Amino acid sequence: MNDQAIPASRTIVMTGATNGIGAAAIERLARQPGTRVIVGARGTGRKVPAGVEVLPLDLASLDSVRAFADGVVAELDDAPIDALILNAGTQASNQKGRTSDGFEMTFGVNHLAHYLLARLLAPRVADNGCLILTTSDTHDPAVTPLGPKSLDPAALAHPTGGGFGSGMRAYAASKLCNLLTARSFADAPELAKRNITVIAFNPGFTVGTNLGGRSPRTQRIFAALVVPIFSIVGRFKPEFSAGKPERAGEVLAGLATGTVTPPPGKVYASIVRGELTYPSPSTLALDDAQRDGLWEKSAEMVGV
């Protein structure tokens, strides 16, 4: 009998896999035969399913992002990445936090870190593979009044204002950046010729996630106060219907493995009342000049 390990037939690299939607997705992915899963996580002792490999990653540090990308390449040797899932995110009540590189925390973690990681690892994505960036329908002012109506990457990176709702506005803007970045990769000729699917995934309003690092007690208080309100609003505005991490994780896993396939030309995939839909994103998200400007300014900020 050959004692050598059987090579994985599918390799998945993921951020945001240790709680909430990502944890629900990774549970499904790790159970699939022949699947190798590598996740990036901050700190130690992160709980992951058996067999899942964890490499250190602090998205608030671009040096850590580069080290993680180098670590993934070293671990894989010549093997390609079948699905690169950039799911991690943070949300704060204000814009006071800063990354180790001096950028506003929400913009730095949600957008710049994942932009850089995608730039570094996209060349390693397999032909017919996929790149998924988690976004949010909060990017659309037609969904929430705090959604961005304009985009200024320099102001997002180094904000000078604040005030009520500044944290939520920063989060919504970062999710717009995720969607624009997904559109940039979807239109990149080098990915298109290798038939790489690019998806901007909106899990919808989901109860039970740890966005912003809420403690279990804080999560319970949040659910007790906010969920009933959203349940009422959701009757009239479907985007506000509360969903569960298990359903969002199921869809995310399906998109990563190709068992769920977007229609041709569709980049934005959005869960609404538990169902996966493919709506048009906001007008700003479809603006090619904004998309290209964000790409160029982000490249300058991260040094690629």
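The rules behind these values
- Residues numbered from 1 in each chain as written.
- Predicted model: local features only at pLDDT ≥ 70, side-chain atom pairs only at ≥ 80, totals over all residues.
- Heavy atoms only, no water.
- Helix = DSSP H or I, 4+ residues; strand = E, 2+ residues; numbered from the N terminus.
- Contact = heavy atoms within 4.5 Å.
- Salt bridge = Lys/Arg side-chain N within 4 Å of Asp/Glu carboxyl O.
- Buried < 20%, exposed > 50% of the residue type's maximum accessible area, 1.4 Å probe, protein only.
- Axes fitted to C-alpha atoms, helices over the stretch in contact; angles between N-to-C directions.
- Parallel < 35°, antiparallel > 145°, perpendicular 65-115°, else oblique.
- Left-handed = near helix turned anticlockwise from the far one by under 90°.
- Nonpolar A, V, L, I, M, F, W, Y, C, P; charged D, E, K, R; others polar.
- Phe/Tyr/Trp six-rings, centres within 6.5 Å; stacked < 30°, edge-to-face > 60°.

Draft legend 1. The side chain of T257, seen in detail. Inspection of the secondary structure assignment puts T257 in helix α8 (residues 245-257). Filtering out sequence-adjacent residues up to four positions away, T257 remains in contact with R10, L29 and Q32.

Draft legend 2. Just the pattern of salt bridges, in detail. A full pass over the atoms with the stated rule returns 9 salt bridges. A salt bridge links R36 to E75, with the nearest nitrogen and oxygen atoms 3.3 Å apart. You can see R36 sitting in strand β2 (residues 35-41) and its partner E75 sitting in helix α2 (residues 62-76), a full 39 residues away along the chain. Residue class for E75 comes out partly exposed when judged on its relative accessible area of 40%. One salt bridge connects D127 with R194, and the closest N-O pair in it is separated by 3.5 Å. With a gap of 67 residues between them, D127 in strand β5 (residues 125-134) and R194 in the loop between α6 (189-192) and β6 (197-202) connect regions that are remote in the sequence.

Draft legend 3. Inspection of the packing of helix α1 (residues 20-30) against α8 at higher detail. Interhelical geometry of α1 versus α8 gives an angle of 55° and a closest axis separation of 7 Å. On the basis of the axis angle, α1 is oblique to α8. Considering only the axes of α1 and α8, their crossing is right-handed. The segment α1 lies against α8, with G20, I21, A24, A25, R28 and L29 engaging P245, E246, A248, G249, E250, L252, A253, A256 and T257. Of the residues in the contact of α1 with α8, the class split is 9 nonpolar, 3 polar and 3 charged.

Draft legend 4. Looking closely at the environment of F107. Positionally, F107 belongs in helix α3 (residues 105-121). Overall, F107 belongs to the buried group, its relative accessible area being 2%. Residues F107 and S174 lie 67 residues apart in sequence; the distance between their C-alpha atoms is 5.4 Å. With near-sequence residues (within four places) excluded, F107 lies in contact with L112, P153, L156, A157, S174, C177 and M301.

Draft legend 5. Quick peek at the packing of aromatic side chains. On inspection of all chains with the given rule, the structure shows 2 aromatic pairs. Each ring, one from Y115 and one from W295, has its centre 5.1 Å from the other, and the planes form 80°; the classification is edge-to-face. You can see Y115 sitting in helix α3 and its partner W295 sitting in helix α9 (residues 288-302), a full 180 residues away along the chain. Residue W295 is classed as partly exposed on the basis of its relative accessible area, which comes to 25%. Through successive ring pairs, a cluster of aromatic residues spans Y115, F185 and W295.

Draft legend 6. Local environment of the packing of helix α5 (residues 166-186) against α9. Interaxial distance between α5 and α9 falls to 9 Å at its minimum, and their mutual angle equals 95°. Taken together, the axis directions place α5 and α9 in an arrangement best described as roughly perpendicular. Contact residues: C177, L180, T181, R183, S184 and F185 in α5; D288, Q290, R291, L294 and W295 in α9.

Draft legend 7. Quick peek at unusual backbone geometry. Its identity as a non-glycine residue notwithstanding, N195 has a phi of 60°, on the positive side. Take N195: it is sitting in the loop between α6 and β6. Taking relative accessible area as the criterion, N195 reaches 49% and is therefore assigned partly exposed. One non-glycine residue, R273, lies in the positive phi region at around 50°. Note on placement: R273 falls in the loop between β7 (268-272) and β8 (275-277).

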